[in-house]
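Observations on chain architecture
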Amino acid sequence: MDNKHEKYQRLIDFCKSLPPLPTAVVHPCDESSLGGAIEAAQMGLIAPILCGPAARIAAVAQQYGIPIGDYPVVDAPYSQAAAEAAVHLVREGKAEGLMKGSLHTDELMGAVVRKESGLRTGRRVSHCFVMSVPGHEDPLIITDAAVNIAPTLEEKRDILQNAIDLAHAMQFKEVRVAVLSAMETINPKVPSTIEAAALCKMVDRKQVTGALVDGPLALDNAIDPEAARIKGIASPVAGRANVLMVPDLEAGNMLAKSLSFLASADAAGIVLGARVPIILTSRADSVMTRRASCAVAVLVAKARREQQPIG
């Protein structure tokens, strides 16, 4: 097996022993989204319900030789209708996960967060990358680099708790969260340092639970023990974080893409905080990354069934 994918492969192998996750696949109208869903189904990770224009899905399947005969199709004429149909399947209890197809993320999330008919919970919806970084022993969770643009402190509390609950669903032995900023000292001119400190006090007061949390930390002293030692940071998180919480979407997006394009990392993705996990894949994702995203969703759904507090 390719060492680069070893962390994801362990996830996938574990999930193959679990029942496939009934998943509404939203508007799978191109080769990558339809093929990815069917491949995940053939591996036993998901049990797909294809939501979208039936004739178009059939045409894509025929054009690219994708075998969809065994899987139910819910006919919906366009992408927004497909998103609404998929959300309805979840509300009816027929699906325990959502998977994005060839529609804009905003269209899917719009249906998910709609007040009356959506899939809201008491938690803010947030995104986590589960990154496989070569040379880094364990998977690395990065949040939020895809949904919340400039979260408030209150929203950051939910983003942090969602990520901690994901780490538990993925069976991390110990969850160690670094709340990132550009520096490890508190500077009133850098608001993210003050919010990082406030989040840590929330942990002390049990407003956030389930992890060791420290911040503000700069990226180097969050993940490199020697950098933390040189700075004299005495902390059970510094130098060994396995969850990185970023100050805003721009920082998170740059961090995740830097790891992907400069360090050859893979980035599986999941959205938490709704009633069910949402698999957000990109057309640029590798086959292994798509599989890993499905496996992460299976673990989140398992945690929900076992009544762990996953958002």
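What you see is a predicted model, and the numbers here were worked out from it, not measured in a lab.

A few words now on the side chain of Asn148. Structurally, Asn148 is set in the loop between strand S6 (140–143) and helix H6 (153–169). Within the structure, the side chain of Asn148 is placed 2.8 Å from the side chain of Asp144, a separation counted as a polar contact. Those residues in contact with Asn148 that sit more than four places away from it in its chain are Arg124, Val125, Ser126, Ile159 and Leu249.

This paragraph deals with the pattern of salt bridges. Across all of its chains, the model carries 15 salt bridges by this definition. With a closest N to O distance of 2.8 Å, Arg291 and Glu39 form a salt bridge. With a gap of 252 residues between them, Arg291 in helix H11 (residues 287–305) and Glu39 in helix H2 (residues 31–42) connect regions that are remote in the sequence. With a shortest N-O distance of 3.3 Å, Lys231 and Glu184 are connected by a salt bridge. Separated by 47 residues along the polypeptide, Lys231 in helix H9 (residues 225–231) and Glu184 in the loop between strand S7 (176–180) and helix H7 (191–204) bring together distant segments of the chain. Look at Lys231 and you get partly exposed, because its relative accessible area is 46%. Look at Glu184 and you get partly exposed, because its relative accessible area is 24%. Shared partners join several salt bridges into a network, and the residues in it are Glu174, Arg176 and Arg240.

Right, let's get into the environment of Glu6. Secondary-structure assignment places Glu6 in helix H1 (residues 6–15). Spatially, the C-alpha atom of Glu6 lies 8.6 Å from that of Ser132, the residues being 126 residues apart in sequence.

You can see Val213 is positioned in strand S8 (residues 212–217). The sequence separation of Val213 and Val243 amounts to 30 residues, and the corresponding C-alpha distance is 9.2 Å. Setting aside its immediate chain neighbours within four residues, Val213 contacts Leu160, Ile164, Val177, Val179, Cys200, Val203 and Val237.

Pairing is mixed in the open sheet, where eleven strands are placed in the order S3-S2-S1-S4-S11-S10-S5-S6-S9-S7-S8. Across the chains shown, the open sheet's two edge strands, defined by having one partner strand only, are strand S3 (73–75) and S8. Here H2 sits on the sheet and contacts strand S1 (21–26), strand S2 (46–52) and strand S4 (97–100); the angle it forms with S2, its principal contact strand, is near 155°. H7 rests against S7, S8 and strand S9 (243–245) of the sheet, and its axis sits at about 165° to S8.

With that settled, consider helix H4 (residues 79–91). The end-to-end C-alpha distance of H4 is 19 Å, a good match for the 18 Å that 13 residues give at a rise of 1.5 Å each. Three or more residues of H4 are buried, namely Ser79, Ala81, Ala82, Ala83, Ala85, Ala86, Val87, Leu89 and Val90. Directly after H4, the chain includes Gly93, whose backbone phi takes a positive value near 85°.

Of all the residues in helix H3 (residues 54–64), the buried ones are Ile57, Val60 and Ala61. Take H3 and look down its axis: the buried residues cluster within an arc of 100°, on one side only. Facing away from the buried side of H3 by over 90 degrees, the exposed positions are Ala55, Gln62 and Gln63. Buried residues along H3 sit against H2, S2 and S3. A positive phi of about 65° marks Gly65, the residue just after H3.

What counts as what
Residues numbered from 1 in each chain as written. Predicted model: local features only at pLDDT ≥ 70, side-chain atom pairs only at ≥ 80, totals over all residues. Heavy atoms only, no water. Helix = DSSP H or I, 4+ residues; strand = E, 2+ residues; numbered from the N terminus. Polar contact = N/O pair within 3.5 Å; in protein donor to acceptor, adjacent residues only side chain to side chain. Contact = heavy atoms within 4.5 Å. Salt bridge = Lys/Arg side-chain N within 4 Å of Asp/Glu carboxyl O. Buried < 20%, exposed > 50% of the residue type's maximum accessible area, 1.4 Å probe, protein only. Pairing = 2+ DSSP bridges. Axes fitted to C-alpha atoms, helices over the stretch in contact; angles between N-to-C directions. Expected span 1.5 Å × (residues − 1). Arc of directions from axis to C-beta.

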